[in-house]
Amino acid sequence: MNRIALAILILVVLISAVLTYMLLIHPQYAKPKKILRVGTSPDFPPFEYISPEGKIVGIDIDLIEALAKKLGYEVEIISMSFDGLIPALINNQIDVIASGLTITSERAKVVAFTTPYWDANQAVIVAKTSNFMPKSLDDLVGKVVGVQSGTTAEGLLTDFIESTGKNIDVRSYDSYVLAVKDLVNGRLDAVVIDTPVAEAFTKNYDVIISCVIETGEKYGLAVRKDDTELLNNLNRVLEVFLKSKEWQEIINKYIG
Ligand code: ARG
């Protein structure tokens with residue numbers, strides 16, 4: 001009787017060892033991790049930018065990595081120009097946009113936003129050496145002003161031009177980094193850009209904030225409209241995450 005019990009025990013141990021190996025250890029049997037394709041435009045420090053080592057880093061990247069981990073996803077970061085993000089999401093080339101994306105009613109017609117995770121306004125920045133210190137949109141009339149294509153900054157300027165009939169020479173760039181470089185080079189009189197990002201640029205480029213236009217923007221992550229399961233899962237973990245120490249650490253890491 002004891003021998004039979006021993007034999008059964010050995011058998012059970014052996015079977016569980018084989019199963020553990022197959023399911024947890026051997027890559028061929030291990031369940032592949034679900035991949036979350038995240039689109040971003042890495043020209044927007046401290047939210048997404050290219051580190052000196054050539055890696056895409058920033059608050060948005062750490063945020064989505066943390067949320068994805070909690071949901072059992074592995075993240076694949078896909079870099080593209082900002083105005084290509086919403087089309088890429090709709091065409092199923094990416095699953096999430098994490099790119100300092102402002103929640104707007106216009107965009108909410110075509111994508112679904114999570115609950116907000118950041119507040120922003122628009123800043124007008126100029127070169128440090130500039131004598132021109134605009135204090136309002138009206139001061140930009142007749143000037144050459146850079147923005148990133150497809151942004152709320154671009155919308156702010158085109159709305160101003162349309163509603164007042166006044167003219168601003170708006171130059172739309174693929175990348176905010178290029179716009180800021182042209183500002184430093186003297187090719188632009190000003191750049192309009194989100195406040196937290198303007199502050200980051202003043203640390204690494206010879207530019208200063210000339211004024212702030214209160215737009216009351218909020219950033220959200222965006223997913224496809226029909227992806228309600230992903231949206232609900234992201235919201236569930238995001239809500240808890242925003243109150244966590246981990247989130248504070250991410251902010252300290254990039255903003256200090
Ligand atoms: N918040 C602004 C918008 O949604 C600008 C975002 C730009 N983001 C970026 N990663 N370049 O239009």
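Residues numbered from 1 in each chain as written. Predicted model: local features only at pLDDT ≥ 70, side-chain atom pairs only at ≥ 80, totals over all residues. Heavy atoms only, no water.

### What to know about the environment of Val 145
Structurally, Val 145 can be placed in strand β9 (residues 144-148). Judged by its relative accessible area of 0%, Val 145 falls in the buried class. Through-space distance from the C-alpha of Val 145 to that of Ile 8 is 79 Å; in sequence the pair is 137 residues apart. Excluding anything up to four places from it in sequence, Val 145 contacts Leu 140, Leu 157, Ile 168, Asp 169, Val 170, Arg 171, Leu 188, Ala 190, Val 191 and Val 192. (Helix = DSSP H or I, 4+ residues; strand = E, 2+ residues; numbered from the N terminus. Buried < 20%, exposed > 50% of the residue type's maximum accessible area, 1.4 Å probe, protein only. Contact = heavy atoms within 4.5 Å.)

### Some points on the site of the ligand
Around the ligand, the surrounding shell holds 15 residues, and the nearest of these are Asp 43, Arg 107, Gln 148, Thr 152 and Asp 194. Residue Asp 43 places a side-chain N or O atom 2.7 Å away from a nitrogen atom belonging to the ligand. Measuring from an oxygen atom of the ligand, one finds a backbone N or O atom of Thr 152 at 2.8 Å. When the ligand sits alone it has 350 Å² of accessible area, and the protein chains cover 100% of it. For the shell around the ligand, the residue count by class is four nonpolar, seven polar and four charged. (Near = heavy atom within 4 Å. Polar contact = N/O pair within 3.5 Å; in protein donor to acceptor, adjacent residues only side chain to side chain. Areas by Shrake-Rupley, 256 points an atom, 1.4 Å probe, with all protein chains shown as cover. Nonpolar A, V, L, I, M, F, W, Y, C, P; charged D, E, K, R; others polar.)

### Quick word on the packing of helix α2 (residues 59-70) against helix α8 (residues 245-254)
Remark: α2 packs on α8, axes separated minimally by 9 Å, with the N-to-C direction vectors making an angle of 155°. Taken together, the axes of α2 and α8 lie roughly antiparallel to each other. In the packing of α2 onto α8, the handedness of the crossing is right-handed. When α2 is examined against α8, the residues Ile 59, Asp 62, Leu 63, Ala 66 and Lys 70 are found in contact with a partner set consisting of Glu 246, Trp 247, Ile 250, Lys 253 and Tyr 254. Residue classes in the contact of α2 with α8 are distributed as six nonpolar, no polar and four charged. (Axes fitted to C-alpha atoms, helices over the stretch in contact; angles between N-to-C directions. Parallel < 35°, antiparallel > 145°, perpendicular 65-115°, else oblique. Left-handed = near helix turned anticlockwise from the far one by under 90°.)

### Focus: the sheet that holds β9
On the basis of which strands lie adjacent, the open sheet formed by five strands has the order β10-β9-β11-β8-β12 and mixed pairing. Each edge of the open sheet is held by one strand with a lone partner, namely β10 (169-173) and β12 (207-219). Neighbour-to-neighbour, the strand axes of the sheet open up by a mean angle of 25°, direction not taken into account. In the sheet, strand β8 (residues 118-127) pairs with strand β11 (residues 190-194) via four bridges, with the strands oriented antiparallel. What sits directly across from Ala 123, in β11, is Ile 193. Across the face of the sheet, helix α6 (residues 195-204) comes into contact with β8, β11 and β12 while running at roughly 45° to β8. (Pairing = 2+ DSSP bridges.)

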